[in-house]
Every structure is written in C-alpha cells, then in structure tokens.
Amino acid sequence: MQYLLIDAHKRFLGTLDSEEALSVGDTFQNDNNQTYAVVGLNWSLQRNRQTQSLTVIRVNPQRSENN
C-alpha cells in the first residue's frame, strides 16, 4: 500500500510504500533512516480512488526514556 506522509502542520513529507497496513502508534524508517511515528490516519477520495495519508512525527529511537 502506498501512503502519503503528512506532518502535524499539514505539510507533505513524501510517500511510503509498505506491504503492511500501518495504524496509529506504529513506527517506520524512511529511505534516509529517519524514524517516524504514526499519529493519525486520513482517508480521502481522489479521482475515484481512495488514498490514505498518515500524519506522522519524527522520533529519535536512540533517545533513552531516562533522559
């Protein structure tokens, strides 16, 4: 499935091809090894085709919860 990636300010970040369905709370890495967390799912109808976009935030997986 191909997703459109949108940030919290509604700016387009790119696309993601994933064989798995993503949902809120999932994390993934893009081609540049940046990690993102899914915070929202958005469906829209464009040219008789459903498109799903993900609202995402960038996260730092190396950051410790103790810091």
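Everything numeric in this text was worked out from a predicted model, so none of it was measured.

*Asks:* Outline the layout of surface pockets, listing residues and values.
*Replies:* Volume-wise, the largest pocket comes out at about 190 Å³. Lining the largest pocket are Leu5, Leu13, Gly14, Thr15, Leu16, Asp17, Phe28, Gln29, Asn30, Asp31, Gln34 and Tyr36. Of all the secondary-structure elements, those providing two or more residues to the lining of the largest pocket are strand S2 (12-17) and strand S3 (27-29). The element that contributes the greatest number of residues to the lining of the largest pocket is S2, accounting for five residues. Considered class by class, the residues forming the lining of the largest pocket number five nonpolar, five polar and two charged.

*Asks:* Outline the pairing of S2, listing residues and values.
*Replies:* Pairing analysis gives five bridges linking strand S1 (residues 2-6) to S2, with the strands arranged antiparallel. Looking at S2, one finds that Ile6 is bridged to Phe12. Linking S1 to S2, which pair antiparallel, is a turn of five residues; within it Lys10 sits at a positive phi near 65°.

*Asks:* Kindly report on a nonpolar patch on the surface, identifying the contributing residues and their values.
*Replies:* Residues Val39, Ile57 and Val59 make up a contiguous nonpolar surface patch of about 200 Å² in total accessible area. Take Val39: it is sitting in strand S4 (residues 35-46).

About the thresholds
Residues numbered from 1 in each chain as written. Predicted model: local features only at pLDDT ≥ 70, side-chain atom pairs only at ≥ 80, totals over all residues. Heavy atoms only, no water. 1 Å grid on protein atoms, 1.4 Å probe; cavity = no way out; pocket = protein on both sides within 12 Å on 5 of 7 lines; lining within 4 Å. Points joined across faces, edges and corners; volume = space filled by probe spheres on them. Helix = DSSP H or I, 4+ residues; strand = E, 2+ residues; numbered from the N terminus. Nonpolar A, V, L, I, M, F, W, Y, C, P; charged D, E, K, R; others polar. Pairing = 2+ DSSP bridges. Patch = residues over 30% accessible without salt bridge, like charges linked within 9 Å, V, L, I, M, F, W, Y side chains within 5 Å. Areas by Shrake-Rupley, 256 points an atom, 1.4 Å probe, with all protein chains shown as cover. Salt bridge = Lys/Arg side-chain N within 4 Å of Asp/Glu carboxyl O.

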